[in-house]
Amino acid sequence: DAGVIQSPRHEVTEMGQEVTLRCKPISGHNSLFWYRQTMMRGLELLIYFNNNVPIDDSGMPEDRFSAKMPNASFSTLKIQPSEPRDSAVYFCASSLGAVAYYNEQFFGPGTRLTVL
Amino acid sequence: GESVGLHLPTLSVQEGDNSIINCAYSNSASDYFIWYKQESGKGPQFIIDIRSNMDKRQGQRVTVLLNKTVKHLSLQIAATQPGDSAVYFCAEGGDNYGQNFVFGPGTRLSVLP
């Protein structure tokens with residue numbers, strides 16, 4: 001299995017531009033997670049989906065962030081407009097099922113976003 | 001590749017020695033805990049987990065201890081190897097699905113030859 005696939009691996013953009021991060025979960029996995037990792041705040045859960053439905057988006061920082069999962073094999077995290085403080089590594093993870101006790105999360109390699 | 005912050009607490013151990021990494025968690029209602037390993041340029045990787053109804057769980061070369069009284073979690077790695085060099089995070093969870101985890105700041109483990 002290829003694991004969780006994220007693209008792009010690196011993104012450099014200018015403040016005010018729209019940024020779209022992409023994720024392909026492991027085939028057959030029903031839960032998908034978006035995380036952000038920074039030096040100051042560590043690893044934070046932004047949003048997660050079960051069966052393509054957003055379950056908890058309380059970690060999404062503000063309205064500039066949005067996430068979609070149009071089908072079981074694809075998800076996007078969009079930032080519009082981007083700001084320098086959005087610079088971070090964004091990870092996508094997937095798990096087979098909904099209950100954490102029995103379903104390990106598998107992380108992708110991450111996308112390093114730099115907003116100038 | 002992607003990497004964690006550069007100013008984490010660091011634990012240096014000699015190859016072959018045992019390592020103990022500690023974590024204090026914040027929510028006394030948390031009922032599920034995970035240790036993750038993150039190597040440079042990679043995403044976090046599950047190591048071992050424990051539920052709040054247990055105080056110890058063992059895996060291959062790793063043991064997790066949970067002390068709910070003082071809200072403390074530790075990860076013990078036996079016979080530490082160079083491949084164990086990484087950043088280690090604890091995570092606590094416990095909502096209805098248990099998937100909304102709060103991660104600790106991490107500890108960098110450096111294995112000396």
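Values in this document were obtained by computation on a predicted structure and should not be read as measured data. (Residues numbered from 1 in each chain as written. Chains lettered and ligands numbered in written order. Predicted model: local features only at pLDDT ≥ 70, side-chain atom pairs only at ≥ 80, totals over all residues. Heavy atoms only, no water.)

Visitor: Talk me through the interface of chain A and chain B; I want residue IDs and the actual numbers.
Guide: Facing 30 residues of chain A, the contacting portion of chain B comprises 26 residues. Area buried by chain A at its contact with chain B is led by L43, A100 and Y101 of chain A, which between them contribute 27% of it. There are zero salt bridges connecting chain A and chain B. Taken together, the connections running from chain A to chain B amount to two residue pairs in polar contact (both at pLDDT 80 or more). Listed by contribution, the elements that provide at least two residues to the side of chain A that touches chain B are β4 (31-38), β5 (42-50), β9 (88-95) and β11 (111-115) of chain A. Across the side of chain A that touches chain B, the residue classes break down as 15 nonpolar, eleven polar and four charged. (Contact = heavy atoms within 4.5 Å. Buried area = accessible area lost by both parts, 1.4 Å probe. Salt bridge = Lys/Arg side-chain N within 4 Å of Asp/Glu carboxyl O. Polar contact = N/O pair within 3.5 Å; in protein donor to acceptor, adjacent residues only side chain to side chain. Helix = DSSP H or I, 4+ residues; strand = E, 2+ residues; numbered from the N terminus. Nonpolar A, V, L, I, M, F, W, Y, C, P; charged D, E, K, R; others polar.)

Visitor: Give me the sheet that holds strand β6 (residues 62-67) of chain B: which residues, what numbers.
Guide: Residues and elements named next belong to chain B. Spatially, β2-β7-β6-β5 is the arrangement adopted by the four strands of the open sheet, whose pairing is antiparallel. Either end of the sheet is taken by a strand with one partner, and the two such strands are β2 (19-24) and β5 (56-58). Averaged over all neighbouring strand pairs, the angle between strand axes comes to 15°, with direction disregarded. Judged from the six bridges that link them, β6 and strand β7 (residues 72-77) form a sheet pairing that is antiparallel. (Pairing = 2+ DSSP bridges. Axes fitted to C-alpha atoms, helices over the stretch in contact; angles between N-to-C directions.)

Visitor: Just give me the short version of the pairing of strand β7 (residues 65-71) of chain A, but keep the residues and values in it.
Guide: All names here are of chain A. Relative to strand β8 (residues 74-79), β7 is paired through five bridges, and the arrangement is antiparallel. Directly across from K68, in β8, lies its bridge partner T76. Linking β7 back to β8 in an antiparallel pair, the connection comprises two residues.

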